[in-house]
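# Breakdown of the fold
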Amino acid sequence: MDNRQAMGSWLSGPRAAMEEAGADFGYRGEQLGLPEEGPGSIARPGRRLGALAVDWGLCVLIAYGLLTDGYSPATGNWALLVFFVLSVLTVGTVGFTPGKRLFGLRVVGADSGRVQPLRSLVRTGLLCLALPALVWDRDGRGLHDRLARTVEVRI
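Residues numbered from 1 in each chain as written. Predicted model: local features only at pLDDT ≥ 70, side-chain atom pairs only at ≥ 80, totals over all residues. Heavy atoms only, no water.

## Looking at the pattern of salt bridges
Our working rule: Salt bridges are counted wherever a side-chain nitrogen of Lys or Arg sits within 4 Å of a carboxyl oxygen of Asp or Glu. Strands are runs of DSSP state E lasting at least two residues, helices are runs of H or I lasting at least four, and both sets are numbered from the N terminus onward. Residue exposure (1.4 Å probe, protein chains only): buried if accessible area is under 20% of the type maximum, exposed if over 50%, otherwise partly exposed.
For the structure on display, the rule yields 10 salt bridges. For the salt bridge of Arg 48 with Asp 145, the shortest nitrogen-to-oxygen distance reads 2.9 Å. Separated by 97 residues along the polypeptide, Arg 48 in helix α3 (residues 45-67) and Asp 145 in helix α8 (residues 143-148) bring together distant segments of the chain. One exposure class covers both Arg 48 and Asp 145, and it is buried. Residues Arg 123 and Asp 145 are paired through a salt bridge, measuring 2.6 Å at the closest nitrogen-oxygen approach. Placement of the pair is Arg 123 in helix α6 (residues 117-129) and Asp 145 in helix α8, with a sequence separation of 22 residues. With a relative accessible area of 3%, Arg 123 lands in the buried category. If you follow the salt bridges from partner to partner, you end up with Arg 48, Lys 100, Arg 123, Asp 145 and Glu 152 in one network.

Right, here's the structure in full:
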């Protein structure tokens, strides 16, 4: 391997270098028995971030309009509490938040297909900490999804 190949593998990341060497990683969700594309496939990061932005904006509006008198430093804290309650209630009952529904996403249990309220509570609590959501596995699931044994899929 010359220097250009070594530099190219470093720039493209370890997965691309392993694929060039002949490793087959499959597609996201294959290990979970999910389809590669279409309904029931793993949600892509762009849709997930878009849904999170819509949900957070909605929670900030609720906190701004109903809980605080205008904008104050406490508005962000109230918005986080509203986000927690909104996510636990909606994901634990219907499987999606308003933002997820708008972007065509749903949270399902990895083994049962249904999210139980306790799993929703664990998932949302870890999501509010933010760090577990930034650690992903090869299937594109965040640590909060892995620990709660849930998967975010396309509708």
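## Thoughts on the side chain of Thr 97
The criterion, for reference: Between N or O atoms, a polar contact is any pair within 3.5 Å; within protein, one atom must be a potential hydrogen donor and the other a potential acceptor, and residues adjacent in sequence are included only when both atoms are from side chains. Contact definition: two residues touch when any of their heavy atoms are within 4.5 Å.
Considering the arrangement of structural elements, one finds Thr 97 in the loop between α4 (74-93) and α5 (98-102). For Thr 97, a relative accessible area of 2% corresponds to the buried category. At a separation of 2.4 Å, a polar atom in the side chain of Thr 97 contacts the side chain of Asp 55. Those residues in contact with Thr 97, other than ones at most four positions away along the chain, are Asp 55, Ser 87, Thr 90 and Val 91.

## Re unusual backbone geometry
Even without a glycine there, the phi angle at Ala 130 is positive, about 75°. Inspection of the secondary structure assignment puts Ala 130 in the loop between α6 and α7 (131-134). With relative accessibility at 38%, the residue Ala 130 sits in the partly exposed group. Backbone geometry at Arg 149 places phi at a positive 55°, although glycine is not the residue there.

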